[in-house]
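Here's the letter readout for the chains.
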Amino acid sequence: MPTQSKSDKSEPTKSEPAIWLRKDLLDTADLNLADFNLIFETTDAMIEVRERPIARTTTLRGTTLATLFYENSTRTRASFEIAGKALGADVVNLSASQSSVGKGESLIDTVRTLEAIGADILVLRHPLSGASTLASKYTNASVINAGDGMHAHPTQALLDLFTIKQHLGELSGRKIVIVGDILHSRVARSNIWALLTLGAQITLCGPATLLPKYFTQHKSDLQNVTVTTNLKTALSNADVVMTLRLQKERQRNSIIPSLSEYIRNYQINNDTIALAKSTAIVMHPGPVNAGFEISQEVAEGKQSVISAQVTNGVAIRMALLYLFATRTTDFPA
Amino acid sequence: MSITVIQEANEIERTIRRLAHEVIENNQGTSELILIGILTRGATLAERIATEIGNFENVQIPTGALDIVLHRDDLKMSGPAPKLQKSTIPKSLDGMTVVLVDDVLYTGRTCRAALDALMNYGRPASVRLAVYIDRGHRELPIRPDFIGRNIPTAPNQSILVELNEIDGVDRVSVIEEEL
C-alpha cells in the first residue's frame, strides 16, 4: 500500500530518516555497518557541497562547535573548523596552552565550562587514552574523539575508509596492509576495528617490538587479521598500503634498534611498493616523515592518495557534525 | 484512510508534454535553460520534461538534481533528520534561466530551501517554478509558474505522486485520512 511519505516533504518524518542516535563518537569499535554506511552516504553529499562555487550553508546555524586540543594538530583541528564553518556553525577553538588548563583546570571542569557557555559538540584531543570517554560522561554535549593517547582516532579511520571506498569500491575482501609502529598508533587501532566491521582482510606489519601482542593472542577471534614482521609477505597482493608515522621520538627508548635498519626493512618506496598490486593505493595519516617510513617519490607518486585523505577529512567531519547536530533523541520505538 | 487515483500513466504523459511546451514558450526557446529537479521525484520529473523538450526542439536541455535537506528550516525540530542525498548540478548557474521542478507544492518551504540551495551555484538570470501538483495551503509567499494540475486539498488530505522510474508505476492519488 502506498504511503504518504513519498511525495510530501513538508514534514521531517516523511523523507527517509537518517537514524543517528549516538551521543558521542569515541571509537570506530562502537559503530556498526549501518552507522558506517550512513556516515559514508552523508559524506558523499558533503563532497558535493564542498565543490559548489559557494561552498557554505546555514544548516548548523545556532550550533556551537568547540574544539579542545591538549596535543598539537594541523589537519584534524583545521578540518573540523572548516567543516563547522562550511555548515554555518559557530566554532570556538581552545588549546591547552591558551586556556585555563595552564592554570590547572581539570579536563572535567573544562568540558563543563564549555558546555555551560553553549557548546553543543565538543571535539577533544588528549594525550591520555580514555580521555574522551571520561569527558563524555560529564557533559550533555556530543563528544567527538579527535585522538586520545594510543587508544583511538575514529575520524581519521573514517576518512581513511572513505578514501579507500572512493578509489577501490567496496572494502569487503580487500587486503589492507598497515605498516609501521602499530603498537603506539591510535590511527591503526581505529582503522583495524572499522576494517573488521566492513569485512576487509588486514595485515599488520612492522618490527616485532612495534607490533601489539593482542592480535596474535586473540587470533581465533580475529581471523581477518594477520601479523607479520616480513614486509614482502605483507605486501604481496595488497590492495591498500597504509603507512604510519614513525614516531622518531620513541627511537631513543631503543624500541627499534636503528632508524637505518627500520628504513631498510620497512620503508615504503619504489622498490617495496612494487610488491603490492599495481592498482594498490598508498595512504598516510600525516604528518609524513618523507625518507623514513615512506619515500618522497611514493608519498607524491601516482599511487599516493594522501592529499585525497586530507580533502576527504573535511567532508567526513561535515557529515559527522550534521549527524550529531540533527541527531534524534526522541525517536519513536 | 482512503486512496483515490486521479491520474494514470497516459494522462501524466500528456500533462508532462504540456508542461514542456509551456516552459519553452515562456523562455522563448531553449537558450540558457536548465531544469533542476528537487530530489527525489522532482528530479525525475525534470528529466522527463527535458526529454520532451528534446523530442520536439531537437536540443539537449541540461538537467540537475538538487537535495535541499541542508537548507531546510525544520532540521532541529523533533523527529529524525532526513538522510542527505548528493546533488548534481552540471554547470554554473550564472546567467541561466533555471526552472525548478518538484512533484507537489504545498507549504512552499521546500521551494524556499531550494532557492537557498540554488544560490550556492551562482547567480541565475531568473528562476521559475514548475510543479506537477499544486495542492494549496502555502505558508510562504511562493507561487508556481507552471502547474501540472491544481488539486485543492483539505487538511486531512495529501497527494501521492508515483513515477515509474522510482515507484514502478505512473499514478497520482489523493490520500484522505479519517477525521
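This text follows the structure it describes.
One numbering rule holds for all chains: residues counted from 1, following each sequence as written. The lettering of chains begins at A and the numbering of ligands begins at 1, in the order of writing. Owing to the predicted nature of the model, reporting of local features is limited to residues with pLDDT of at least 70; listing and counting of side-chain atom pairs is limited to 80 or more, with chain, interface and lining totals taken over all residues.

Q: I keep staring at the overall build of chain B and nothing clicks. Help me out?
A: Helix and strand labels come from DSSP, where a helix needs a run of H or I of at least four residues and a strand needs a run of E of at least two; each type is numbered from the N terminus. The helix and strand tally for chain B stands at four helices and eight strands. Secondary structure of chain B in N-to-C order comes out as β-α-β-α-β-β-α-β-β-β-α-β. Two things to know: the radius of gyration comes from C-alpha atoms, and the globule rule equals 2.2 Å times the number of residues to the power 0.38. For 179 residues, the compact-globule estimate of 2.2 N^0.38 gives 16 Å, and chain B sits close to it at 16 Å. Once the C-alpha set of chain B is aligned to its principal axes, its extents read approximately 50 × 40 × 30 Å. Every one of the 179 residues in chain B was classed for burial, and the buried ones make up 44%. Contacts in chain B between residues at least 24 apart in sequence constitute 68% of all its contacts with a sequence separation of at least 6. Each residue is classed by its C-beta neighbour count within 10 Å, where at least 20 other C-beta atoms makes it buried, 12 or fewer makes it exposed, and intermediate counts make it partly exposed; the C-beta atoms are placed from backbone geometry. In this description, any two residues whose backbone-derived C-beta atoms lie within 7 Å of each other are considered to be in contact.

Q: What's the story with the sheet that holds strand E6 (residues 201-205) of chain A in this structure? I'm lost.
A: Paired through their backbone hydrogen bonds, the strands of a sheet run either parallel or antiparallel. Residue and element names in this part refer to chain A. Note on pairing: DSSP must find at least two bridges between two strands before they are called paired. Reading across the sheet, the five strands line up as E7-E6-E5-E8-E9 and stay open at both edges, with parallel pairing between neighbours. The open sheet has two edge strands with one neighbour each: strand E7 (225-228) and strand E9 (281-283). Across the sheet, the mean angle from the axis of one strand to that of its neighbour is 20°, orientation sign disregarded. Taken together, the five bridges between strand E5 (residues 175-179) and E6 define a ladder with parallel strand orientation. Residue pairing for E6: Ile 176 is matched across the bridge by Ile 202. Note on geometry: axes are C-alpha line fits, over the in-contact stretch for helices, and angles between N-to-C directions span 0 to 180 degrees. Each of strand E8 (240-243) and E9 touches helix H5 (residues 154-168); the most contacted strand, E9, lies at about 165° to it. The strands touched by helix H6 (residues 186-197) within the sheet are E5, E6, E7 and E8, with E5 carrying the most contacts at an inclination of about 165°.

Q: Would you mind showing me how to read the packing of helix H1 (residues 33-51) of chain A against helix H12 (residues 306-325) of chain A here?
A: When two helices pack together, their arrangement is given by the angle between the helix axes and by the axis-to-axis distance. Residue and element names in this part refer to chain A. As a packed pair, H1 and H12 sit with axes 8 Å apart at the nearest point and diverge in direction by 115°. As for the relative orientation of H1 and H12, their crossing is right-handed in sense. Touching Ile 39, Thr 42, Thr 43, Met 46, Ile 47 and Arg 50 of H1 are Val 314, Ala 315, Ile 316, Met 318, Ala 319, Leu 320, Tyr 322 and Leu 323, all from H12. By the convention adopted, Pro, Cys, Tyr, Trp, Phe, Met, Ile, Leu, Val and Ala count as nonpolar, Lys, Arg, Asp and Glu as charged, and the other residues, Gly among them, as polar. By residue class, the composition of the contact of H1 with H12 is 11 nonpolar, two polar and one charged. Here is the rule for handedness: rotate from the far helix to the near one, and if that takes an anticlockwise turn smaller than a right angle the crossing is left-handed, while a clockwise turn gives right-handed.

Q: It is not clear to me how the sheet that holds strand E4 (residues 97-105) of chain B should be interpreted in this structure. Could you clarify?
A: Residues and elements named next belong to chain B. If you trace the five strands from one edge of the open sheet to the other, you get E3-E2-E4-E5-E6, paired in parallel fashion. At either end of the open sheet lies a strand with only one pairing partner, and these are strand E3 (63-66) and strand E6 (146-150). For this sheet, the mean angle separating the axes of adjacent strands, direction not counted, is 25°. Where helix H2 (residues 41-57) meets the sheet, it contacts strand E2 (33-38), E3, E4 and strand E5 (126-134), and its direction lies at approximately 150° from that of E2. On the sheet, helix H3 (residues 109-118) packs against E2, E3, E4 and E5 and is oriented at approximately 155° with respect to E4.

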